[in-house]
Amino acid sequence: MKIIAAGLLLMNVAFGQTQLRSLRAVPVPEPSGLSEYVRDKASLIRLGKVFFWDMQAGSDGVTACATCHFHAGADHRPQNSLVDPNSPFRVNAELSTVLFPLYLLSDPRNRNSAMVRDSGVRVGSAGTFRRIFEGIVPGQAAELGRDALDKPEFMRGDMQVRRVTPRNTPSVFNTVYYVRNFWDGRAGRTFDGFTVTGANEAEGPGVLVARNGGLERQRVRIDKASLAAQAVGPALDHLEMSYAGRTWPMLAKKLLSLPPLALQKVAIDDSVLGPLARKEGRGLEEQHTYFAMIQSAFEPKFWESSERLNAAGELDPMGEFTQVGHNFSLFWGLALQAYQSTLNSDASPFDRFMEGDSHALTPQEQEGMRLFQNAAGCTRCHNGAEFSAAAFNENGSTRADSFERTGVRPVGDDIGSGNGAFKSIGLRNVEFTGPYFHNGGQSTLEQVVDFYRRGGDFAPITGDLRAFAATPGQTAAIVAFLKALSDDRVRYERAPFDHPELCVPVGHEEDESGELKPGDVATSAAERWRGLAAVGAGGNAAPLQTFDEMLRKFGENGERAHTMNEACTASLASLLGR
Ligand code: HEC
Ligand code: HEC
């Protein structure tokens, strides 16, 4: 037994990093030169977890990163998630099994068979209402904003609904291994402190460093930091978390005036925040302010100055900002990268099998693995420990930086990274992260395997994708293998995948005739809120619901967690800052 395990290990080394293998042995990529900025890594991770889950971060005072990434790192909301940037669509629709797959053929094995349905609709995630930023009120989570009703796509009649992203939300788990992030890879591998693309090489503001009794500008170039670059995108994006026109110093000024996670309970056995959590009530113990957490995570030269600055970061005795506000996007990006770098799921049955436990996979799962690697050709793009050829090699070089066109939609629908190509995304925990593909077009893994079996849907196809023959038993084996990539810690939300409480908006209220009901702001439709309880290191008793189970309403009797039927315990008045 031992000898076989050693043999397997050698084989994996010999065959290089594109061979399937356990993730446990793969070092977590580290951003370059981090010690220039960071004085304590554990504090940085704590700050990142708070940033990720704090509902107060959104302009509306209720939208966190987690609002779209709470379920195995992805979204799991059944209503107001449909969108079609190219054609009219019904806002606030409820998802159901009859919608899927969005592109339906009369014979799913044959791409030339008669088309039954060709829906350009996509499944995305609801962010904020369309509002213009007008200011903050210190101590209040909800910012001031004025409705902007000029774009009709997220309205019914004169009523606005939350806007929905034009792409499906991927999981944030195991994303640190990617060279670049987003479906189209636009979050580059270099973080410049401010931008998603990292293009801010020569121009741009730079961070402010306290030196020689004054403040000096300094360029930031941090390699292997795509997650930091990614994280500065949604925070000011007026579709995801922000009213149009909010700035970093404004977001900083608001958050620095608020107790972290003030609206949310934190489990006292939370694997990261437990020691900081308030024993009674919500949020953290009083001394753990945002400023204190920044102070313990970052080098003083990035926050110690109390000089007044204007919005452009220039010295101004009348200015309303300080150094900590000007450098906030640097703190935000690096902290979120550090937290998300801990969300790696390397303890699946597949990992145990590759480490030598030959009983970790059933014979069916092993057959699926063989098909995945050979007849079905999946490992041409989903390879290595990450199941993605868009991941780093261990020496930090890029493997293939694989963005391929598999023909999910016509090129003109969404050009992705160019020519309709998208990231060869990793497949770990894919059991829980439906719907699938950049458009959320498939609701089950069986549908995905059928898609590959017929060789994709829309020409042209690149990257050596070939149709293959498979019996129903072989299709089932591939699906069984994909499910063996789930980590039980993800399935039950055990550490490090535990989290604070969260309330999420799940669509809008309609009356009997299907009209949207007005909410607190007359032009915004009333909302339906659902809650997720805080969970500590030990996790939930029930496994997470899958997307297909949600569509079929399976598990609402307590057999599944996150059925999106639990009440939100925080009062709506406090949620909305009124
Ligand atoms: C309104 C919903 C929403 C919110 C809020 C949101 N995201 Fe996302 N996230 C998405 C969508 C949609 C995508 C895919 C977008 C694309 O690829 O064009 C995405 C992509 C990502 C990815 C890339 C994953 C990959 O495989 O490429 C990461 C990482 C991520 N988000 C982290 C965050 C963080 C951190 C925050 C908060 C700062 C956040 N998200 C806020 C919806 C959201
Ligand atoms: C030519 C490269 C290539 C091959 C071969 C390939 N894939 Fe993919 N895979 C991709 C790309 C690119 C995406 C994202 C496509 C999109 O969303 O438009 C993807 C997405 C997926 C997804 C959806 C993941 C999610 O989170 O939405 C699954 C599941 C998947 N592939 C499984 C497979 C299986 C199983 C096989 C073999 C039968 C396979 N892939 C073969 C490139 C490939």
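Scroll up a little and you will see the structure.
What counts, and where the lines are drawn
Residues numbered from 1 in each chain as written. Chains lettered and ligands numbered in written order. Predicted model: local features only at pLDDT ≥ 70, side-chain atom pairs only at ≥ 80, totals over all residues. Heavy atoms only, no water. Donors = N, O, S within 2.8 Å, 3.2 Å for Na, K, Ca; no water. Tetrahedral: all angles 85-135°; square planar, octahedral: opposite > 155°, others 65-115°. Helix = DSSP H or I, 4+ residues; strand = E, 2+ residues; numbered from the N terminus. Buried < 20%, exposed > 50% of the residue type's maximum accessible area, 1.4 Å probe, protein only. Near = heavy atom within 4 Å. Polar contact = N/O pair within 3.5 Å; in protein donor to acceptor, adjacent residues only side chain to side chain. Nonpolar A, V, L, I, M, F, W, Y, C, P; charged D, E, K, R; others polar. Axes fitted to C-alpha atoms, helices over the stretch in contact; angles between N-to-C directions. Parallel < 35°, antiparallel > 145°, perpendicular 65-115°, else oblique. Contact = heavy atoms within 4.5 Å.

A. Examining the coordination of the iron atom of ligand 2 more closely. Around the iron atom of ligand 2, the donor atoms from the protein are His382 (NE2) and Tyr452 (OH), and they sit 1.9 to 2.0 Å away. Around the iron atom of ligand 2, the six donor atoms sit at angles spanning 83 to 179°, and that spread fits a shape best called octahedral. With His382 in the loop between α9 (363–373) and β11 (403–404) and Tyr452 in helix α10 (residues 445–453), the pair connects residues that are 70 residues apart, well separated along the chain. According to the relative accessible area criterion, His382 is buried, its value standing at 10%. The buried category is assigned to Tyr452, whose relative accessible area is 18%.

B. Spatial organisation of the site of ligand 1. The environment of ligand 1 is formed by 29 residues, the closest being Cys65, Cys68, His69, Phe182 and Trp183. Measuring from an oxygen atom of ligand 1, one finds a side-chain N or O atom of Arg167 at 2.8 Å. Residue Trp183 places a main-chain N or O atom 2.8 Å away from an oxygen atom belonging to ligand 1. For the shell around ligand 1, the elements supplying multiple residues, two or more each, are α3 (226–231) and α7 (328–340). Across the shell around ligand 1, the residue classes tally to 15 nonpolar, 10 polar and four charged.

C. Layout of the coordination of the iron atom of ligand 1. There is one protein donor for the iron atom of ligand 1, namely His69 (NE2), at 2.1 Å. The topology assignment puts His69 in the loop between α2 (41–53) and β1 (82–83).

D. Structural detail: the packing of helix α4 (residues 248–256) against α7. Orientation of α4 relative to α7, taken along the N-to-C sense of each, is 75°, at an axis distance of 9 Å. Judged by the inter-axis angle, α4 sits roughly perpendicular to α7. Between α4, through Trp248, Leu251, Ala252 and Leu255, and α7, the contact on the second element is made entirely by Phe328, Ser329 and Trp332. Looking at the contact of α4 with α7 residue by residue, the classes come out as six nonpolar, one polar and no charged.

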